[in-house]
Amino acid sequence: AALALGNLMRPEAALALLGLAAALVVRLAGRRGEWKRALSDFAALLAGYIALTALFTAAARASGIAPNGLGNAAPEWKFVLGLDTATRGEYDAGMEYILEIADPAARRAAALEAIRASLEGAGGPGGLIAFFAEKTAAFWGAYEESWLGLESGAAYFLRRCDRAFFIAAALLAVPGCARLRASAEENAARGALLACFAAYLVIETQSRYRCFAAPLLLILAAAGIKRLLTYGQGRRKRV
């Protein structure tokens, strides 16, 4: 239910499901006796998510709020923007002509042509590597858009605080990910965060899209704090 409701506001349930699937695989590696029960539980989760999503879609159609349903009518659009080497994968109003193409097949063909031209213009393998590196740095390192908060003298200070907090959480997450044997919650957070990182390599990025990753990063930072405290206590006992 939470995944289905959250997906109505921001279609990122797939990232959470990938994280849960990764945690499931890690937990059951080498444990054949537990696969049947675990897979049936995960299938029930998927069934509930799909059923509720279908229910919300039917309700949106019946009410007239969304006559065409809640799905993405042009999924290729995110990739057109995300693989635009001229804008580092950010929004480009100049590409909106693709959305104006009514025929789905023609729209997909135009999208593929735009992506091909963009990648070919990157300057070979080195240019592509530089593009993805710059896109990653811009997405994860940029300040939040000021229009999401107050337009005042405090906006810059708040942005700096946000970045400092994010960097601290990221650094603390490193020891949180260092342990191979972790809890199911930590493995789910790792898997979902990795899926989030991979997804935004190829789709459109805006700094506010990082909001999905924030709680995952804090889960891993908390694990990192716990492991650092445990390590410190162990050192004191040996001394």
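The structure contained in this document is the topic of the report that follows. Please read all numbers here as calculations on a predicted model, not as lab measurements.

Moving on, we come to empty space enclosed by the protein. Within the structure shown, the criterion is met by one cavity of 30 Å³ or more. Of the volumes computed, that of the largest cavity is approximately 40 Å³. For the lining of the largest cavity, the elements supplying multiple residues, two or more each, are helix 6 (124–141) and helix 8 (184–202). The class makeup of the residues in the lining of the largest cavity is five nonpolar, one polar and one charged.

Further remarks concern the nonpolar core. Ranked by internal contacts, the top residues of the largest apolar core, which has 21 residues, are W140, L193, C196, Y200, F212, L216 and L217. Taken together, the elements giving at least two residues each to this core come down to helix 2 (13–28), helix 6, helix 7 (154–178), helix 8 and helix 9 (213–238). Examining the composition of this core, we find that six residues originate from one element, helix 8, more than from any other. Look past the residues within four positions of L216 in its chain and what remains in contact with it is A189, A192 and L193. By size, the runner-up hydrophobic cluster in this structure holds twelve residues, among which are W77, L81, A110 and A114.

The contact between helix 2 and helix 3 (residues 35–63) brings their axes to 11 Å, and the two run at 175 degrees. Judged by the angle between their axes, helix 2 and helix 3 are roughly antiparallel. Residues A13, L17, L20, A21, L24, R27 and L28 of helix 2 lie in contact with helix 3, whose contacting residues are W35, A38, L39, F42, L45, L46 and Y49. Here the residues of the contact of helix 2 with helix 3 sort into 13 nonpolar, no polar and one charged.

Rules and cut-offs
Residues numbered from 1 in each chain as written. Predicted model: local features only at pLDDT ≥ 70, side-chain atom pairs only at ≥ 80, totals over all residues. Heavy atoms only, no water. 1 Å grid on protein atoms, 1.4 Å probe; cavity = no way out; pocket = protein on both sides within 12 Å on 5 of 7 lines; lining within 4 Å. Points joined across faces, edges and corners; volume = space filled by probe spheres on them. Helix = DSSP H or I, 4+ residues; strand = E, 2+ residues; numbered from the N terminus. Nonpolar A, V, L, I, M, F, W, Y, C, P; charged D, E, K, R; others polar. Core = buried A, V, L, I, M, F, W, Y, C linked by side-chain atoms within 4.5 Å. Buried < 20%, exposed > 50% of the residue type's maximum accessible area, 1.4 Å probe, protein only. Contact = heavy atoms within 4.5 Å. Axes fitted to C-alpha atoms, helices over the stretch in contact; angles between N-to-C directions. Parallel < 35°, antiparallel > 145°, perpendicular 65-115°, else oblique.

Function-wise, these values are silent; they only describe arrangement.
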